[in-house]
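Descriptive analysis of the structure
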Amino acid sequence: MSDPILSLLDLKLGFKTYEGLVEVLHGISLRIGRGEKVALVGESGSGKSVTARIILGLLQELKSARISGAIHFDGADLEKLSRRERQALRGTRMSMIFQDPTSSLNPVFPIHVQFHEVLRRMDRNLTQRQGMQRAISLLTDVSIPEPERVLQAYAFQLSGGMNQRVMIAMALANEPSLLIADEPGTALDVTVQAQTLHLMRDLVVRKGTSVLFISHNLGVVREFADRVYVIYKGRIVEHGPTDALFGQPRHPYTKALMAAVPRITGGGIPDIPENSEAFLDPMIDHEVEVPA
Amino acid sequence: MIEKTAEPVPVLEARNISKTFKAATHEVRALDGVSLSVARGECLAIVGESGSGKTTLANMLLGIYPPSAGEMFLDGQMLPTRRSLPLRRAIQLVQQNPLSSLNPRRTIGASLRLALDVHDIGARQERKTRVAALLDEVGLPAEFASRYPSALSGGQRQRVAIARALACEPEILVLDEPTSALDVLVQARVLRLLDELRHRKALTYVFITHDLAVVRNIADRVAVFERGIMVEMADTETIFTNPGNAYTRSLIGAIPIITDEEEALRKTVLENKSAH
Amino acid sequence: MRRTLSILLSNPLSVIGLLLVGTVVFSAIFADFIAPFPSHRGAVVDFSNFNQPPHWPNIFGTDLVGRDLFSRILYAYRISLMLGVVVLAIAVPIGVTVGLAAGYLGGWVDFVLMRLTDVFLSIPPLVLAMSVMGVLEPTLTNGMLAVTTMWWPWYARLAYNVTRSESQEGYVLAAEIIGASRLHIMFREILPNCVPSIVTKMTLDLGFVILIASSLSFLGLGVQAPTPDLGSMVAEGGNYLPDSWWLTVFPSLAILIAVFGFNLLGDALRQVLGADQ
Ligand SMILES: Nc1ncnc2c1ncn2[C@@H]1O[C@H](COP(=O)(O)OP(=O)(O)OP(=O)(O)O)[C@@H](O)[C@H]1O
Ligand SMILES: Nc1ncnc2c1ncn2[C@@H]1O[C@H](COP(=O)(O)OP(=O)(O)OP(=O)(O)O)[C@@H](O)[C@H]1O
Ligand SMILES: [Mg+2]
Ligand SMILES: [Mg+2]
């Protein structure tokens, strides 16, 4: 815990538009320990994806983005890195998985070519044969039955669940220290999504990968994460260990969020008030405030 | 068959309907011999994974295309392939994505008026007030009539889509994943509105979804579809306490849940499979 | 509207486009007041002052019969623009209706209409126009007719493509389920969503129509003397290059400015109206 793999301190983001500066993040602080699985939950437009894109160094390229605050990855100040250095980080020590697996894969090249590209980012001298062997063992890790066949296929020839496994295997191919998963698999079926999430969880635990898991689905977060940050309109409103947060949500927004999830035990649909002032209450930090 | 209700004539009935799509190289059997009936005022949920034929069923109920085999009945009368305006009016649809289901270049008011104009509902002069009343029905202010969809949030758009379906004064609403494009908080509000509208206006719902947790809280009965076949049909309580089908159980097992009570329920359901 | 304008003005290329088009349209409309020699649009002869290089008051020089080139270019703009507007006013409604019908109704309507469109599209525009002009008399009306025959298919294609993708949208399904008529769905629901791409293309095309009309008259098939026309001016002047360079250079520049201006503006509109998404 003392040496986090990633820490954000007072991260602010605004976009310059024709109407003026639109502030999207109002000072986000967040920390991910080594081997820790941390979730960022919040509703649409709350700023989850932009946070991920800043960590990946993607938004820094956008001329209209105004970013301030400190971002440390593995001890290094990300803002001090050059564009090339940030680019070199992506896909090697830091990697990502997106919402729709099928459209994140390139339709024009078979899977093995894309795998080779990914692996070559770490090892320039990798031969075709070595690459294939690595890819096969990686695909076996994500329980793909016939890895040789899958490697020859194109993304559109595989099912969504298969593509999602391929994406996971590729994202973990270079043994990154940090994996960012932005709503992974929301485009998939519930049962397929559940399967691949379990698989991904087991794999990152085994490899000790730290994960920033972005989702608006509280149920998925509860099953996946060690710690949770709840974001509302560009502010973290509550954070703490998953059990504490789900067992005893304390911030009005978190409470509303939890109440809104339909329960399989029934009980009807709750009456959720319109966005209330209380949602902007000060942040609650379970780790410092939990009484002994 | 667990036909609980002994309703004399169901408001909507499908008898043994099938649908086969002809693709270039092969045929797709999207729906295979499905029979079901919906009682007046009931909410029947149709659940199943992607490609299980839920939307195909909805499209045939709405008369978008005819079934390859089988018949459908509305109030005991057989539904013809080409439907007259009154028959169309009786069954309306709320789609999944309100961003696409509302015309981006027409105002909310114009979209709502369309139904009134087509079916000649109310006198011409009072249609404007009817539009306002419709908006009010779904909890939106009357000023929204002059706005474009882009100026509305996702939840507000879905409310407009519901109002548009209601404008036809239908008997039956087919809801195809009406809340799966929405955030949890917004989803809860829209679901509550739908539930309330059904009771207030004595509407009948065919509620299509893949989210079983939603089903638990809104449906009276559930039909489970798997690859074009209805594998189970039971009242909601039974589905969640004692599902008779392995596929239904796997769907319940896949629901991400957030409380310990749910965890316990899910566990018993999954363990029950040995009992069957 | 204000947003649109502020976006337009924030891009220097759009501003240039706006200025160029503004200049062209302004000169065409107010040619009577701007032109130093309004009568020179017609069959005027002034042998005392023929084929002169630019000098005061003939700032662009004079042509072979002594007419002021600057005045003639202004009037030529007027004719070209009129031609462009009339051509588009005929070609756009025809093309768009064909495209909408084919795209929305599908089936055999789609097959027949779009094959017909393809036939027109497969003939090079200039060849099609030349053959029309070759058969008919080379008058201004026939010039417009010729250009129109080759222009509507582009709008049919454009409207067809947009309609095909819009037909998949939920709002079309919604209107069908409510029971709206096909005409309503085509013209009231889908058409408004085609407007951005159509307007953009029209702006771009005004430049091209002017260019094509000029090409026709360059080949001697367009507007006939003594009516001023940029294409015939370039063609005529070409015989006297390089000595009487002004005869070619100024009309050519005039064409360039118009085409370039409409293109820049069209591109800017495309961005502002979001027609390319
Ligand atoms: N390039 C951009 N220019 C201007 N505003 C932007 C840009 N990208 C994102 N935003 C705005 O930033 C806010 C946060 O967006 P973000 O994509 O992070 O939301 P999110 O939490 O990921 O939501 P979702 O659950 O819908 O993915 C939104 O209001 C969005 O409109
Ligand atoms: N117009 C069509 N032409 C050919 N095949 C079709 C057509 N419509 C649907 N299908 C096929 O029929 C099957 C059932 O599709 P349907 O859309 O009813 O599924 P669904 O249960 O609604 O799935 P989802 O949850 O993804 O919406 C699928 O295999 C689909 O590919
Ligand atoms: Mg996002
Ligand atoms: Mg569907």
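Now for a look at the structure at hand. Note that the structure is a prediction, hence the values are computed from the model and not measured. (Residues numbered from 1 in each chain as written. Chains lettered and ligands numbered in written order. Predicted model: local features only at pLDDT ≥ 70, side-chain atom pairs only at ≥ 80, totals over all residues. Heavy atoms only, no water.)

A closer look at the overall build of chain A
As a reminder of what qualifies: Here a helix means four or more residues in a row that DSSP labels H or I, a strand means two or more in a row labelled E, and each is numbered from the N terminus. Put simply, the radius of gyration uses C-alpha atoms, and a globule should come to 2.2 Å times the residue count raised to 0.38. Computed by Shrake-Rupley with a 1.4 Å probe, the accessible areas treat only the displayed protein chains as cover when residues are assessed. Positive charges come from Lys and Arg, negative ones from Asp and Glu, while His and the chain ends are left out of the count. For charged residues, the charge sits on one atom: NZ in Lys, CZ in Arg, CG in Asp, CD in Glu.
If you tally the helices and strands in chain A, you get twelve helices and eleven strands. Taken over C-alpha atoms, the radius of gyration comes to 20 Å for chain A, in line with the 19 Å a tight globule of 292 residues would show. Along the first, second and third principal axes, the C-alpha set of chain A runs to 60 × 50 × 45 Å. For chain A, the exposed surface amounts to about 13100 Å²; the carbon and sulfur share of it is 51%. Put simply, chain A has 32 plus and 33 minus side-chain charges, and the middle of one group is 6 Å from the middle of the other.

Comments concerning the interface of chain C and chain B
The test is simple: Any two residues whose heavy atoms approach within 4.5 Å are treated as being in contact. By convention, the term buried area covers the 1.4 Å-probe accessible surface removed from two parts as they join, with the contributions of both added. The working definition used for a salt bridge is a side-chain nitrogen of Lys or Arg within 4 Å of a carboxyl oxygen of Asp or Glu. Within 3.5 Å is the distance limit for a polar contact, defined as a pair of N or O atoms, with the added protein rule that one can donate a hydrogen and the other accept it, and that residues adjacent in sequence qualify only through two side-chain atoms.
Of the residues lining the interface, 18 residues belong to chain C; the matching set on chain B comes to 21 residues. With both sides pooled, the region where chain C packs onto chain B buries about 1600 Å², and carbon together with sulfur makes up 56% of that total. Three residues stand out in chain C for area buried against chain B, namely C:Tyr171, C:Ile177 and C:Ile178, and they jointly supply 40% of the buried area on that side. Between chain C and chain B we count one salt bridge in total. One salt bridge connects C:Glu189 with B:Arg106, and the closest N-O pair in it is separated by 2.9 Å. Where chain C touches chain B, the interface holds nine residue pairs in polar contact (both at pLDDT 80 or more). When residues of the side of chain C that touches chain B are traced back to their parent elements, those giving at least two are helix H8 (170-178) and helix H9 (182-218) of chain C. If one sorts the elements of the side of chain C that touches chain B by residue count, H8(C) sits on top with eight residues.

Topic: the site of ligand 1
Residue and element names in this part refer to chain A. Filter applied, for reference: The rule for a residue being near a molecule or strand is that one of its heavy atoms must lie within 4 Å of it. Only Asp, Glu, Lys and Arg are considered charged in this grouping, and only Ala, Val, Leu, Ile, Met, Phe, Trp, Tyr, Cys and Pro are considered nonpolar; every other residue, Gly among them, is considered polar.
Every residue close to ligand 1 is listed here: Phe-15, Val-24, Glu-43, Ser-44, Gly-45, Ser-46, Gly-47, Lys-48, Ser-49, Val-50, Leu-62 and Glu-183. Measuring from an oxygen atom of ligand 1, one finds a backbone N or O atom of Ser-46 at 3.3 Å. Ranked by residues supplied to the shell around ligand 1, first place goes to helix H1 (residues 48-55) with three residues. Of the residues belonging to the shell around ligand 1, the class tally is four nonpolar, five polar and three charged.

Let's talk about helix H1 (residues 54-61) of chain B
Residue and element names in this part refer to chain B. Which entries qualify depends on this criterion: Only protein chains enter the calculation, and the probe is 1.4 Å; a residue is then buried if its accessible area is under 20% of its type maximum, exposed if over 50%, and partly exposed in between.
Among the eight residues of H1, seven are classified as buried, and the element is accordingly described as predominantly covered. Along H1, the residues that are buried comprise Lys-54, Thr-56, Leu-57, Ala-58, Asn-59, Met-60 and Leu-61. Of the residues trailing H1, Gly-63 is marked for its positive phi of about 80 degrees.

Quick notes on the packing of helix H4 (residues 111-120) of chain A against helix H5 (residues 128-141) of chain A
All names here are of chain A. Stated formally: What counts as an axis is a line fitted to C-alpha atoms, over the stretch in contact for a helix, and the angles between N-to-C directions run from 0 to 180 degrees. An angle counts as roughly parallel when it lies under 35 degrees, as roughly antiparallel when it exceeds 145, as roughly perpendicular when it falls between 65 and 115, and as oblique in every other case.
Between H4 and H5, whose axes approach to 9 Å, the crossing angle comes to 100 degrees. By the angle between their directions, the pair H4 and H5 is classed as roughly perpendicular. Side by side, H4 and H5 meet where His-112, Phe-115, His-116 and Leu-119 of the first sit next to Gln-128, Gly-131, Met-132, Arg-134, Ala-135, Leu-138 and Leu-139 of the second. Among the residues forming the contact of H4 with H5, the class breakdown is six nonpolar, four polar and one charged.

Concerning the site of ligand 2
Residues and elements named next belong to chain B. The local shell around ligand 2 consists of Phe-21, Val-28, Ala-30, Glu-49, Ser-50, Gly-51, Ser-52, Gly-53, Lys-54, Thr-55, Thr-56 and Glu-177. For ligand 2, an oxygen atom lies 2.8 Å from a polar atom in the backbone of Gly-51. One nitrogen or oxygen atom from the side chain of Lys-54 is found 2.8 Å from an oxygen atom belonging to ligand 2. Here ligand 2, which alone exposes 630 Å², has 59% of that area covered by the protein. Those elements that provide at least two residues to the shell around ligand 2 are strand S2 (27-38) and H1. The biggest single contributor to the shell around ligand 2 is H1, with three residues. Looking at the shell around ligand 2 residue by residue, the classes come out as three nonpolar, six polar and three charged.

Remarks on H4(A)
Working note: α-helix, 3.6 residues per turn, so residues spaced by three or four point in the same direction. Residues and elements named next belong to chain A. Extensive coverage of H4 is indicated by the burial of seven of its ten residues. Taken together, the buried positions of H4 are Ile-111, His-112, Gln-114, Phe-115, His-116, Val-118 and Leu-119. The inward-facing, buried residues of H4 abut H5, helix H6 (147-152) and helix H7 (160-171).

Quick word on the sheet that holds strand S5 (residues 76-77) of chain A
Residue and element names in this part refer to chain A. Selection rule: A strand pair is defined by DSSP finding two or more bridges across the two strands.
Taken in spatial order, the four strands make up an open sheet running S2-S1-S4-S5, and their pairing is antiparallel. The sheet is open, and its two edges are formed by strand S2 (20-32) and S5, each paired on a single side. H1 rests against strand S1 (6-17), S2 and strand S4 (65-73) of the sheet, and its axis sits at about 110 degrees to S1.

Here's the deal with the pattern of salt bridges
According to the stated counting rule, one finds 48 salt bridges over all chains in the structure shown. A salt bridge links A:Lys12 to A:Asp10; its shortest N-O distance comes to 4.0 Å. Judged by relative accessible area, A:Lys12 falls into the partly exposed class, the value being 36%. A residue is classified by how much of its surface remains accessible, and A:Asp10, at 39% relative accessible area, is partly exposed. With a shortest N-O distance of 3.3 Å, A:Arg31 and A:Glu287 are connected by a salt bridge. Taken as a pair, A:Arg31 in strand S2 and A:Glu287 in helix H12 (residues 286-289) lie far apart in primary sequence, 256 residues in all. The class of A:Arg31 is partly exposed, set by a relative accessible area of 25%. One salt-bridge network, in which partners are shared between bridges, spans A:Arg222, A:Glu223, B:Asp260, B:Glu263 and B:Arg266.

Topic: the sheet that holds strand S4 (residues 69-74) of chain B
Residue and element names in this part refer to chain B. Ordered in space as S2-S1-S4-S5, the four strands form an open sheet in which the pairing is antiparallel. Each of the sheet's edge strands pairs with one partner strand only, and the pair in question is S2 and strand S5 (77-78). Sheet strands touched by H1: strand S1 (12-22), S2 and S4. Its angle to S1, the strand with the most contacts, is close to 115 degrees.

With respect to the packing of helix H4 (residues 108-118) of chain B against helix H6 (residues 154-167) of chain B
Residue and element names in this part refer to chain B. Here is the rule we go by: Left-handed describes a crossing whose near helix is turned anticlockwise from the far helix through less than a right angle; right-handed describes the clockwise counterpart.
Put simply, H4 and H6 touch, their axes get as near as 8 Å, and they point 20 degrees apart. The angle between H4 and H6 places the two elements in the roughly parallel class. Our pair here, H4 against H6, has a crossing hand that is right-handed. For the pair H4 and H6, contact is made by Ile-108, Ser-111, Leu-112, Ala-115 and Leu-116 and by Val-160, Ala-163, Arg-164 and Ala-167, respectively. The residue inventory of the contact of H4 with H6, partitioned by class, reads seven nonpolar, one polar and one charged.

Some details on empty space enclosed by the protein
Empty space among the atoms becomes visible once a probe the size of a water molecule is rolled across them. Residue and element names in this part refer to chain A. Heads up, the rule is: The pocket and cavity definitions rest on a 1 Å grid over protein atoms only: a 1.4 Å probe that fits but cannot leave marks a cavity, an open set with protein on both sides within 12 Å along at least five of seven lines marks a pocket, and residues lining either have an atom within 4 Å of a point. Grid points are joined across faces, edges and corners, and a volume is the space filled by probe spheres set on the points.
Counting across every chain of the model gives eight cavities of 30 Å³ or more. Estimates place the volume of the largest cavity at around 160 Å³. Counting only elements with at least two residues in the lining of the largest cavity, the list comes to helix H8 (190-207) and helix H9 (218-224). Of the residues belonging to the lining of the largest cavity, the class tally is eight nonpolar, three polar and three charged.

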